[in-house]
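Fold and contact review
Single-letter residue listing:
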Amino acid sequence: LVMRPDMFGFIDKTGSVAIPCKYDGANNFSEGLAVVEKNGKWGFIDKTGSEVIHCKYDYAEDFCEGLARVRKSDKWGYIDKTGNEVVACKYDEAEDFCEGLAKVMMSDKWGFIDKTGSEVVPCKYDDAFNFREGLAIVEKNGKRGYIDKTGRVAIPCKYVSALNFCEGLALVMRPDMFGFIDKTGSVA
């Protein structure tokens, strides 16, 4: 990625201009495509500079796990690398896919969708975090717990604070306890 004072383009590994500085904004390449902005709209180009997804979105993010987040009329959805809108732009907020699911927000509540757009976990949580090691932190009424990828509560929302699992353990805090738990919720 290279820019002059008001335009963006791309150079190759030798420093030669590969794609001229003709974009108002750009991100680095991700999964073979780069997000670019032209005339206030966002789209995607390939490494030859061909616009493979026209600049028609109000905003766009990098591809992650084969899909990219895009915004139209203040709503978020997801497209594939051909520009096909896989998940309609209907969410107030949306995050990248992680472990096959993406967290999305509707009416100030968070849930999770799969790559087809099916709502795997309804938007009912006050907050949610990406899946790690098959579990995601969710928050309800100021307390945190964990759900699995089907939406089943794996560990109830009873913690003041909770971190993602790493190597089978997670750091949690209750008023009377601070320590690690395993994926069953047992103190490790």
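Above this text is the structure in question.
Residues numbered from 1 in each chain as written. Predicted model: local features only at pLDDT ≥ 70, side-chain atom pairs only at ≥ 80, totals over all residues. Heavy atoms only, no water.

Phi at Asn39 takes a positive value of approximately 55°, unusual for a residue other than glycine. Note on placement: Asn39 falls in the loop between β5 (33-38) and β6 (41-45). Positioned with a positive phi, Ser107 is a non-glycine residue whose angle comes to about 50°. Along the chain, Ser107 falls in the loop between β13 (101-106) and β14 (109-113). Residue classification places Ser107 among the exposed residues on the basis of a relative accessible area of 63%. (Helix = DSSP H or I, 4+ residues; strand = E, 2+ residues; numbered from the N terminus. Buried < 20%, exposed > 50% of the residue type's maximum accessible area, 1.4 Å probe, protein only.)

Take the packing of aromatic side chains next. Under the criterion given, the structure shown has seven aromatic pairs. For the pair Tyr78 and Phe97, a centre-to-centre distance of 4.9 Å together with 65° between the ring planes defines the contact as edge-to-face. Placement of the pair is Tyr78 in strand β10 (residues 75-79) and Phe97 in strand β12 (residues 93-98), with a sequence separation of 19 residues. Comparing Tyr78 with Phe97 shows no difference in burial state: the two are buried. Each ring, one from Phe112 and one from Phe131, has its centre 4.8 Å from the other, and the planes form 65°; the classification is edge-to-face. (Phe/Tyr/Trp six-rings, centres within 6.5 Å; stacked < 30°, edge-to-face > 60°.)

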